[in-house]
Amino acid sequence: MPETGARSAAEKGAPCGGGRISVLLPLAIDHVFDYRVPDGLALQPGDFVAVPLGKREYAACVWDGAASGAEIAAPRLKELRRKLPARPMNAKLRRLIEWVARYNCALRGAVLKMAMSVPDALEPERPATGYALAENAAPPPKFKMTPARRRVLHAVAEGPPRAASELAREAGVSPGVVKSLADAGLIHAVPVMQVVAAPQIGDGGPKLSPEQRTCADDLVAKLGGFSVTLLDGVPGSGKTEVYLTAVAAAIQGGKQALVLVPEIALTAQWLGRFEQRFGAAPALWHSDLTPAQRRDTWRAVSEGRARVVVGARSALFLPFPELGLLVVDEEHDASFKQEEGVIYQARDMAVVRGQIENIPVVLVSATPSLETFANVEQGRYTLLHLPDRFAGAAMPEVRLIDMRADKPARQSWLSPTLRRALGETLEAKEQALLFLNRRGFAPLTLCRNCGHRMQCPNCTAWLVEHRREGRLRCHHCGFAQREPESCPSCAAVDSFAACGPGVERLAEETKALFPNARVGIMTSDTLRGPNAAAEFISAIEAREFDLVIGTQVAAKGHHFPYLTLVGVVDGDLGLAGGDLRAAERTFQLLSQVAGRAGRAERRGRVFIQTFMPDHKVMKALASGGRERFYEAEAAERRAHKMPPFGRLAAIIVTGGSEDGVIACAKALAKTAPAEAGLAVLGPAPAPLRRLAGQYRWRLLVKADKEVNIQAEIRSWLPRVKPKGGVKVRVDIDPYSFL
């Protein structure tokens, strides 16, 4: 990891003197603005202020450095409006913002916006309104006491005053029922302040195995200084309990802890385990929170009241004043790479924050990324390994099904071998999971008469049939339509055919084969939000489903004691295309989904259907030869100087006019740097040439490891001025090549 640089005056907490101040605004800009400071107002770097810009008022952060552009005399400067009452942004977080912007070739204001994502949290706190029982109140005449109203009264009586929405959710009623009781005088509004329950540290943690205890002690010993540790272990080896021991020690030492997870909606079991151990839920941070929840959580973090936060990648920019430990769970997951707005890899930026904060960072995975393994080999990260499943559970048997020999019946997607295994599992009253990483019913709909394919009008992508919704849907921009009655090309009626399987089609086949089986579909379409995910996962645990059919959301860290069979329907799906990490990602995903089988006393079986049983990924999965696979993958990347043994950056040119996009891309190619150890490839149209109505061309910058690729890009891109709404974006260390 590159050095984070020397500390500035602002980082040392020096007050800003004089009659002017520089501020950074959370906008897509890179320079600071100067404002006049009102008489009697003392400010220092990190203070939040309200400033005028144009006809609007913005919240901004006091920054060090001079404004760009012509020097303006102090009397002519606009005066900032007021100082906001929020706690100042500390120097470490400001330093992270500068580092993230510089490394990712992003605008400082755009990065600041991620750290100021809740403007309401900067304003004076207003007490929330909760409801309590009215003493000695009697219902008015003709007021009907319905079961719903009784449930609300019971909920009010059982706990502290809570908001109407919370009471309604607890009682399973609409907020209108709560309002009717307030109107009747049976409950009354009272001001309440948010209370964050503190985790309780005691002896309630689980008994660790000797191997787990050794790893946990190592992590605890590292508290108080910077380090990066890879906690590597097979699925079911108890990695979570190991790092929770370090979380407990951090809390006990008066520090806060942050756990980053790839899918907050799929953490129901993790949250249950946390509450059972600590007697309180952690603070959550994700996109499904309401504005009020985001405001309250941001404040609780800033004031140190939230001791543990579990969140998606954006939680990395929360204003922790006392951060003592940072954990990245499932560190290999591609969800940690943000592809829109500021493009960054949260796992790597977490390591940077750990260095700036001088705290330990723990990267956790059963299938670590090649980048992380390379850092371990180079001695930059240390390795802790858990080779066995907890409590003596055996790893599942993995078997490849050669689909060239074991062929399914026509219009079927399950081989005879996998069908038999499903039948045996269901007959034994055990659970099975069929994995297919395709949402919907079918990935392509075409006309049998003329061959016309239903395509998204906004993207270079086929429309996916979602038969349950009665829609054809684009998975890139969200466009949806009903299937037309006739072909748009040849006008043939009832001529459309669904091509290929999705999870809905697979469910249709399994229901025909096993009509008595209770089948559930587990995808991002069916698990809309954390509550829906928690309910579905609880239903699996309660054995309300015999067979689960899922996409990659089914592969992520779940523990289902009665699930003994995993069937991978299309093991080759992720190997198609020219993705640099295709083999690595496929190995990781299939290893993760295989790890769902046999996690308790029942031995698990995994069947992988493939047309390429001799592929290195399939051989590694069948033999358990993870190390040999990573060695072969690393050797191939090293030979071609590809990450992590070389540098890559993508230059993405987008716009509504393809001619304008092409002209800009070609101009960039003509002015590209010609330095030793660096090559610029392209331009070429992106595989998804049109996305959400925008045309896209790409250039790829390939450089030796020693080349400062960011410096080259920063000096190159200003040579070309995009015109006509064309935009140029930079993706350092790209993960997506679409």
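Heads up: the structure comes first, above all this text.
Participant: Got a minute to help me understand the overall build of the protein chain in this structure?
Facilitator: Within the protein chain one finds 19 helices and 31 strands. Taking 27 Å as the expected radius of gyration for a compact globule of 738 residues, we find that the protein chain reaches 28 Å, a close match to that expectation. Considered along the principal axes of its C-alpha atoms, the protein chain spans approximately 85 × 85 × 65 Å. A burial count over the protein chain gives 52% of its 738 residues as buried. For the protein chain, contacts bridging at least 24 residues in sequence account for 76% of all contacts bridging at least 6. Put simply, the protein chain shows about 32,900 Å² of open surface, and 52% of that area lies on carbon and sulfur atoms. Both charge centroids of the protein chain, one from 96 positive and one from 79 negative side chains, sit 4 Å from each other.

Participant: Could you clarify how one ought to interpret helix 18 (residues 658-670) in this entry?
Facilitator: Since the α-helix advances by 3.6 residues per turn, residues separated by three or four positions end up pointing in the same direction. Given a rise of 1.5 Å per residue, 13 residues ought to cover 18 Å, and the 18 Å separating the end C-alpha atoms of helix 18 matches this to within 8%. The set of residues buried in helix 18 consists of Val661, Ile662, Cys664, Ala665 and Leu668. Around the axis of helix 18, the buried residues are gathered within 165 degrees of arc, so they sit on the same side. Away from its buried face, by an angle of more than 90 degrees, helix 18 presents the exposed residues Asp659 and Lys670. Where the residues of helix 18 are buried, they touch strand 28 (647-655), strand 29 (678-691), strand 30 (694-703), helix 19 (709-716) and strand 31 (727-732).

Participant: Before we go on, may I ask you to explain the sheet that holds strand 20 (residues 464-466) in this structure?
Facilitator: Two strands in a sheet stick together by hydrogen bonds in their backbones, pointing the same way (parallel) or opposite ways (antiparallel). Reading across the sheet, the 3 strands line up as 20-21-22 and stay open at both edges, with antiparallel pairing between neighbours. Across the chains shown, the open sheet's two edge strands, defined by having one partner strand only, are strand 20 and strand 22 (480-481). Where strand 21 (residues 471-473) and strand 22 come together, 2 bridges link them in antiparallel fashion. When the sheet's bridge partners are listed, Arg473 is paired in strand 22 with Ala480.

Participant: Explain unusual backbone geometry here, please?
Facilitator: When glycine is set aside, most residues are seen to have a negative phi, and most peptide bonds are trans. Along the chain, Pro643 connects to Pro644 via a cis peptide bond; the corresponding omega equals 10 degrees. Residue position: Pro644 is located in the loop between helix 17 (626-639) and strand 28. You will see that Lys142, though not glycine, has its phi angle at about 65 degrees, which is positive. Of note, the phi angle at Ala692 is positive, near 55 degrees, even though the residue is not glycine. Looking at the element boundaries, Ala692 is found in the loop between strand 29 and strand 30.

The rules we used
- Residues numbered from 1 in each chain as written.
- Predicted model: local features only at pLDDT ≥ 70, side-chain atom pairs only at ≥ 80, totals over all residues.
- Heavy atoms only, no water.
- Helix = DSSP H or I, 4+ residues; strand = E, 2+ residues; numbered from the N terminus.
- Rg over C-alpha atoms; globule rule 2.2 N^0.38 Å.
- Buried < 20%, exposed > 50% of the residue type's maximum accessible area, 1.4 Å probe, protein only.
- Contact = heavy atoms within 4.5 Å.
- Areas by Shrake-Rupley, 256 points an atom, 1.4 Å probe, with all protein chains shown as cover.
- Lys, Arg positive; Asp, Glu negative; His and termini not counted.
- Charge placed at Lys NZ, Arg CZ, Asp CG, Glu CD.
- Expected span 1.5 Å × (residues − 1).
- Arc of directions from axis to C-beta.
- Pairing = 2+ DSSP bridges.

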